Amino acid sequence: MGIISVENTDRLYWLGRYSERVYTTIRLFAASYDNMIDSALADYKEFCRRLDIPNVYKSGGDFVRTYCFSTEDPNSILSNLTRAYDNGITLREEIGSETLSYIQLAVYAMNKAKDSAAPLIELQEVTDNLLAFWGMADDSIDSENVRNILKVGKRVERLDLYARLHMPREQMRREVHRLSRIERTQLKYRKEYLKELNVLVDSPEIDYYEVVSKVESLLEDHA
Amino acid sequence: MQEMDLYRHTDTVNKLLARYGVRFGIYKNNEFREQLFPFDAIPRMIGKQEFEYLEKGLKQRVMALNLFIRDIYGEKKIIRDRIIPEEFIYAGSGYLAQCEGVCPPKGIYAHISGIDLVQGKNGEWYILEDNLRVPSGASYPMIAREFCRRSSPQTFKDNHIEDNRNYADLLRRTLDHVNTGGHTVILTPGRYNAAYFEHSYLAEKTGAHLVTGSDLIVEGDRLYFLDYSGRREPVGAVYRRISDDYLDPMNFRRESLIGIPHIYDIYRKGNVALLNAPGNGVADDKGIYYFVPKMISYYLGEEPILQNAPTYLPYYEDDMKYVLEKFDSLVLKDVAEAGGYGVVFGSKMTKQQKEDFIALLKKEPRRFIAQEVIDFCDLDIMEGDTRVPRKADLRAFVLMGEEPMVWKSGLTRFSRDPDSFIVNSSQGGGFKDTWVLSQ
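In short, a report on the structure. Along each chain, residue indices are assigned from 1 in the same order as the chain's sequence is written. As a convention, the first chain written is A and the first ligand written is 1, with the rest following in written order. With the structure being a predicted model, the display of local features is reserved for residues of pLDDT at least 70 and the display and counting of side-chain atom pairs for 80 or more, all residues being used for whole-chain, interface and lining totals. Side-chain metrics in this entry use all non-hydrogen atoms of the structure; hydrogen atoms and water are not considered.

1. So, the overall build of chain B
- Secondary structure summary: chain B contains 15 helices and 21 strands in total.
- For a compact globule of 439 residues, the expected C-alpha radius of gyration is about 22 Å, and chain B comes in at 22 Å, within 12% of that figure.
- Dimensions of chain B, computed from the C-alpha atoms along their principal axes, are close to 60 × 55 × 45 Å.
- A total of 439 residues make up chain B; the buried ones form 57% of that total.
- Computed with a 1.4 Å probe, the accessible areas rest on the Shrake-Rupley method; for each residue, only the protein chains presented here act as cover. Accessible surface for chain B amounts to roughly 18100 Å². Of this, 47% is attributable to carbon and sulfur atoms.
- Charge counting follows a simple rule: Lys and Arg are positive, Asp and Glu are negative, and His as well as the terminal groups are ignored. Every charge is mapped to an atom, namely NZ of Lys, CZ of Arg, CG of Asp or CD of Glu. Positive and negative side-chain charges in chain B, numbering 57 and 63 respectively, have mean positions lying 2 Å apart. Put simply, DSSP marks the helices as runs of H or I at least four residues long and the strands as runs of E at least two long, and each gets a number from the N terminus on. The quantity called the radius of gyration is restricted to C-alpha atoms. Its globule counterpart is 2.2 Å times the number of residues to the power 0.38. The buried label applies to any residue whose accessible area, calculated with a 1.4 Å probe on protein chains only, is under 20% of its type's maximum; exposed applies above 50%, and partly exposed to all values in between.

2. Some details on the nonpolar core
- Residues belong to a common nonpolar core when they are buried Ala, Val, Leu, Ile, Met, Phe, Trp, Tyr or Cys residues joined through side-chain atoms within 4.5 Å. Membership of the largest hydrophobic core comes to 77 residues, with the highest contact counts inside it found for Phe63(A), Tyr67(A), Ile95(A), Val126(A) and Met172(A).
- The dominant element in this core, judged by the number of residues it contributes, is helix α1 (residues 6-38) of chain A, at eleven residues.
- Residues Phe37(B), Phe51(B), Ala273(B) and Ile374(B) belong to the second largest nonpolar core, which totals 72 residues.

3. Focus on the interface of chain A and chain B
- Between two residues, a contact is recorded if the distance between any of their heavy atoms is within 4.5 Å. Contacts between chain A and chain B engage 28 residues on the former and 27 residues on the latter.
- Joining two parts hides part of their accessible area as seen by a 1.4 Å probe, and the buried area is that hidden amount summed over both. In total, about 2300 Å² of surface goes out of reach between chain A and chain B, with carbon and sulfur atoms giving 49% of it.
- Looking only at chain A, the three residues that lose the most surface to chain B are Ile3(A), Arg92(A) and Glu93(A), adding up to 31% of its buried area.
- A pair is scored as a salt bridge if a Lys or Arg side-chain nitrogen falls within 4 Å of a carboxyl oxygen belonging to Asp or Glu. Across the chain A-chain B interface, the total number found is two salt bridges.
- In this structure, Arg191(B) engages Asp86(A) in a salt bridge whose closest nitrogen and oxygen atoms are separated by 2.8 Å.
- As used in this structure description, the phrase polar contact means that two N or O atoms lie within 3.5 Å; if the pair is within protein, one of them must be able to donate a hydrogen and the other to accept it, and residues adjacent in sequence are counted only when both atoms belong to side chains. The interface formed by chain A and chain B holds 18 residue pairs in polar contact (both at pLDDT 80 or more) in total.
- Here the side of chain A that touches chain B takes seven residues from helix α6 (residues 97-114) of chain A, the largest share from any one element.
- When grouped by side-chain class, the residues that make up the side of chain A that touches chain B number eleven nonpolar, twelve polar and five charged. Ten residue types, Ala, Val, Leu, Ile, Met, Phe, Trp, Tyr, Cys and Pro, are classed as nonpolar, four, Asp, Glu, Lys and Arg, as charged, and the remainder, Gly among them, as polar.

4. As for the pattern of salt bridges
- This structure, assessed with the given rule, holds 58 salt bridges over all chains.
- When the shortest N-O distance is used, the salt bridge between Asp160(A) and Arg17(A) registers 3.6 Å. Pair noted here: Asp160(A) is in helix α8 (residues 144-164) and Arg17(A) is in helix α1, with a separation of 143 residues, a long-range link. As far as burial versus exposure is concerned, Asp160(A) and Arg17(A) are alike and both buried.
- A salt bridge links Glu219(B) to Arg232(B), with the shortest nitrogen-to-oxygen separation between them at 3.0 Å. One end of the pair, Glu219(B), is in strand β8 (residues 216-219); the other, Arg232(B), is in strand β10 (residues 232-240), with 13 residues separating them in the sequence.
- You can call Glu219(B) partly exposed: its relative accessible area is 33%.
- Arg232(B) gets classed as partly exposed once you look at its relative accessible area, which sits at 40%.
- It is possible to trace a salt-bridge network through shared partners that takes in Arg17(A), Arg21(A), Asp52(A), Glu157(A), Asp160(A), Arg164(A) and Glu216(A).

Structural data, given as structure tokens:
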């Protein structure tokens, strides 16, 4: 089994989280935006509330541009993609140039979308590249440990986002089940929280707030 | 040079280089920026016989430089025999008193050397500079070759070109040769270093671990890699891409936050290999460069195969006289500077600048060297659809494993400014692949 430094473990985990955050928020944003078309772009406030994003936007139009592409807004999709890139660029020898190149391509696509007259269409290219990134990670990263840590980051992020958005039970269950991959890593995590997450998603009324709390504290060293 | 299909693919190759994050970092106005390194698809071509001649000369030079470093930190015969004045050794910033009496594993100091050359219009090659500390640049032609072959396979079918993608293998052999037992790591100052792409790419290609100082620890006279699961894995070779000063706060600069405390102590005991060896700067100082041909004769008893550019040391009275007489036709270099900085052309100075410079030269003669401006060969580059000539140099890489090995390629850098001789990437230069023909 290969060895991984503490720092790289952290970066792998956060690369997984940020790339998933970008992927899922683009998808959710696109769906919400579609609703906003019929509701005078007012639904963005609900979107912000659920994702715990401060509503600093002046209007629906401002939200669309700023939330997607602002370099100043730390919650923007572009800021999250930049964080994914910042983690990825330091992991070339762990994940390989080929895998890393898809994060780079996502950054280029994001910048292209930023300047586009039809940004939502262009964001498709960002998600395409992120999917290719995950495909390449699965296909070409030799170290199972590296793959697992990366994917734990992805699963934690997705479950966190799904809980915030009150996604249906079946999707919540599936994500909690996928998180069991964490047992295959040597990451320090709170086993009792994983058990509790399983109970929470099976309970008659899912306590989404509690799910977010547990998933955010699941890992001991990577908060 | 005949037009090749490859030349049409400059943009494609540059796009691929961008996609794979082939960049270098640069600080401007205290701000870090990453820049692409512009690639030109017209290669520098070196014939088989010509390269054999270069190879011989480069091996000879690096062997002499190795013997020189060993001598300086050991017996100092070359000083006693008055071949080199001692002030050139001890006044230079590259000399490290801490290295006195220290012999690295297998007695190798300059494991990876980057030797800068130019070719004069007369066809003669001249050495411009020896880089024996942390020379960078091999990764760029390596990865560019990969994309060139993909862009234009026919070009590589039609021409007999040595494959340069074996650099990682040569490097690995070099690292393994001196490894004292344990993992091999590449030590980087971090993401914001100018050559970070290269550090990470070479780690990927050699299978070494890319580490920062905080990943390593010295315990019980051994160096260990700290694994996230709590394991301590022994390390036997460190290809360090940080300068001597910052390597070990207990032995060099105390304020270094990127080094590893006590690594130098265990190196001194022979428990880890450091590549390149600390203290090598004593041999690649621009002032010492003047003496390299003398070193070759002194240590190897041979005539130098490759020539230095005609160089003068204002330290010597006769040379100072010559420099003052011919000031306008010379290029002057501050020995403490690198990366194309501290280089001034006499012909380009105003009257006032010239007077100020000469006053400084007289005050600190040891600080400068002067060289004849070599009218070196231009190489064509593509500018849009047009071929235009530009100044270019060649960085050749010599690796010292069980025996010296010269990489059959090199980094050809060119100036994008038609009026400039400065080819450094940090000053806006671009690069080309270097083809060594196999037939």
